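So the chains spell out like this:
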Amino acid sequence: MKRSPVGLDAVADWHNLSEAFHRSALGKGHREEVIQFRKDLPAQLTRLRQGILAGTVTVGRMRCFHIRDPKPRIIHAPCFPERVLHHALMAHVGPVLDRGLIADTYACRTGKGALAAVRRAQHHLRRWPWYAKIDIRSYFASIDHAILGELLARRFKDQPLLALMARIIDAHHAVPGKGLPIGALTSQQFANYYLSGLDRLLLEGCRMRGFVRYMDDMVWWDDDREAVRDALVAAGEYANHCLGLEIKQPVTVGQSRHGLNFCGFRILPGQLLLSRRRKRRYVQCRREGEVAYRDGLIDGLGLQAGYASALAITAHADAIVWRREQLRRSPLDEALALL
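## With respect to the overall build of the chain
Each helix and strand in the chain was counted, giving 16 helices and nine strands. Principal axes of the C-alpha set define a box for the chain whose edges measure 65 × 60 × 30 Å. By residue count, 44% of the 339 residues in the chain fall in the buried class. The long-range share in the chain, meaning contacts at least 24 apart out of those at least 6 apart in sequence, stands at 71%. Per element, the accessible surface of the chain, about 17500 Å² overall, is 51% carbon and sulfur. Here the chain holds 51 positive side-chain charges and 34 negative ones, and the gap between their average locations is 2 Å.

This is the structure we're talking about:
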């Protein structure tokens, strides 16, 4: 494999840092940390450039908070100067990692995404009769720093660049030597690339007929149930012995004609239905908008925007009948009965 010659000079280039600032500030211009950074922008970028080239740039300063979407997660959001660093780094490192991925990996890639993964999965459901679906237990928290460093060293040859990435990776530990923070741009790219070897094992080693991956959620298809199960055994051994990961149990092996749950949808060969999680999100989003309107926190235009947000959750599924039933059971007049 020919390694990339990308180095720290490209990352620390003035124009690259300036573009990284604008990408980091997109949609966040009202935040105090962005305002303060912008006030002294030339000096801030100069300081960041010097730190990158000298290998002394500060990493690991993060704001920690909890979300539930749908299960509890701990988010670590880097401080704004470090977000600029991450964007500057990924502007050059990201495309190199992307070229090492197969076409059927859909997370964190331009022109891909969850909906494209769902459409591709439906395409495979129509063609091949058997599938297996897996995901990784505590994926981000289980990524091994040493193994990730070896994978990156196969793609890049500039040692100062590798040292910078190693510092960023080593700044967070779920347990000693393992874990990437959920919420950082670098974590998304590194985590997506970490499973690229497993992708190729299933497609090229096990010769599966079809395959789709969205981050750590993977589905593959074949003509024969035993072939799907054999690939499952190979995937488990590779994930455990080569990547230090554990496949969450129980796994799903089923017939395509019965459909599968993937990326928030219930996918059938001829239909795309809402999963229970998306149904709950629709109901919650609609209820929040109606309560805010009832309490006078938003006007009619705000309520209309809230309905548009709720509708977007269901827009790509065959959900017209279900939405009508929801409106029949809980019409808007009931939500406004206390006005």
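Read on, since the account is not over.
## Points about the packing of helix H8 (residues 145-153) against helix H10 (residues 185-194)
At a closest axis distance of 11 Å, the pairing of H8 and H10 adopts a crossing angle of 85°. Accordingly, the angle class assigned to the pair H8 and H10 is roughly perpendicular. Across the interface between the two elements, Ile-147, Leu-148, Leu-151 and Leu-152 from H8 touch Phe-190, Tyr-193 and Tyr-194 from H10. Taken together, the residues of the contact of H8 with H10 break down into seven nonpolar, no polar and no charged.

## Thoughts on the nonpolar core
One finds Ile-52, Tyr-139 and Trp-220 to be the most contacted residues of the largest nonpolar core, which totals 67 residues. If one sorts the elements of this core by residue count, helix H5 (residues 80-99) sits on top with nine residues. Sequence-distant contacts of Ile-52, that is, excluding residues within four places in its chain, are made with Leu-8, Val-11, Ala-12, Leu-17, Val-57, Leu-85 and Leu-164. Core analysis: the second largest hydrophobic core is formed by 24 residues, Ala-117, Phe-262, Cys-285 and Ile-313 among them.

## Brief notes about helix H14 (residues 300-314)
In a regular helix each residue adds 1.5 Å, so 15 residues correspond to 21 Å; H14 covers 22 Å between its end C-alpha atoms and thus fits that length. Within H14 the residues assigned to the buried category are Leu-303, Gly-306, Ala-310, Ile-313 and Thr-314. Summarising the axial view, the buried residues of H14 lie within an arc of 100°, below the 170-degree limit, and thus occupy one face. Residues Leu-301 and Gln-304 are exposed on H14 and point more than 90 degrees away from its buried face. In this structure Asp-299 caps H14, since a side-chain oxygen of it lies 3.2 Å from the backbone nitrogen of Leu-301.

## Looking at the pairing of strand E4 (residues 210-214)
For E4, the buried fraction is high: four of the five residues fall into the buried class. Relative to strand E5 (residues 217-222), E4 runs antiparallel, the two being bridged by five bridges. Across the sheet, residue Tyr-214 finds its bridge partner in E5, namely Asp-217. Remark: two residues form the turn of the hairpin made by E4 and E5, two consecutive strands paired antiparallel; Met-215 in that turn has positive phi of roughly 55°.

## Concerning the sheet that holds strand E8 (residues 265-267)
Taken in spatial order, the three strands of this open sheet run E7-E8-E9, and their pairing is antiparallel. Of all strands in the sheet, those with a lone pairing partner are strand E7 (260-262) and strand E9 (272-274), marking the two edges. On average, adjacent strands in this sheet sit at an angle of 35° to one another, irrespective of strand direction. Note: E7 against E8, three bridges, orientation antiparallel. Of the residues in E8, the one forming a bridge with Leu-260 is Ile-267.

## Thoughts on a positive patch on the surface
A grouping of Lys-71, Arg-73, Arg-276, Arg-277, Lys-279, Arg-280 and Arg-281 is seen on the molecular surface, where their side chains present a positively charged patch. Residue contributions to the positive patch peak at five residues, all from helix H13 (residues 276-294). Mapped onto the elements, Arg-276 comes out in helix H13. Among the residues examined, Arg-276 registers a relative accessible area of 70% and is labelled exposed.

## Thoughts on the packing of aromatic side chains
Going through the model one piece at a time under the given rule, you end up with five aromatic pairs. Each ring, one from Phe-21 and one from Phe-80, has its centre 5.9 Å from the other, and the planes form 90°; the classification is edge-to-face. In this pair, Phe-21 is assigned in helix H2 (residues 14-25) and Phe-80 in helix H5, connecting sequence segments 59 residues apart. The interplanar angle of 65° and the centroid separation of 5.2 Å between the aromatic rings of Tyr-282 and Trp-322 together place this pair among those described as edge-to-face. Of this pair, Tyr-282 sits in helix H13 while Trp-322 sits in helix H15 (residues 320-329), and the two are 40 residues apart along the sequence.

About the cut-offs
- Residues numbered from 1 in each chain as written.
- Predicted model: local features only at pLDDT ≥ 70, side-chain atom pairs only at ≥ 80, totals over all residues.
- Heavy atoms only, no water.
- Helix = DSSP H or I, 4+ residues; strand = E, 2+ residues; numbered from the N terminus.
- Buried < 20%, exposed > 50% of the residue type's maximum accessible area, 1.4 Å probe, protein only.
- Contact = heavy atoms within 4.5 Å.
- Areas by Shrake-Rupley, 256 points an atom, 1.4 Å probe, with all protein chains shown as cover.
- Lys, Arg positive; Asp, Glu negative; His and termini not counted.
- Charge placed at Lys NZ, Arg CZ, Asp CG, Glu CD.
- Axes fitted to C-alpha atoms, helices over the stretch in contact; angles between N-to-C directions.
- Parallel < 35°, antiparallel > 145°, perpendicular 65-115°, else oblique.
- Nonpolar A, V, L, I, M, F, W, Y, C, P; charged D, E, K, R; others polar.
- Core = buried A, V, L, I, M, F, W, Y, C linked by side-chain atoms within 4.5 Å.
- Expected span 1.5 Å × (residues − 1).
- Arc of directions from axis to C-beta.
- Polar contact = N/O pair within 3.5 Å; in protein donor to acceptor, adjacent residues only side chain to side chain.
- Pairing = 2+ DSSP bridges.
- Patch = residues over 30% accessible without salt bridge, like charges linked within 9 Å, V, L, I, M, F, W, Y side chains within 5 Å.
- Salt bridge = Lys/Arg side-chain N within 4 Å of Asp/Glu carboxyl O.
- Phe/Tyr/Trp six-rings, centres within 6.5 Å; stacked < 30°, edge-to-face > 60°.

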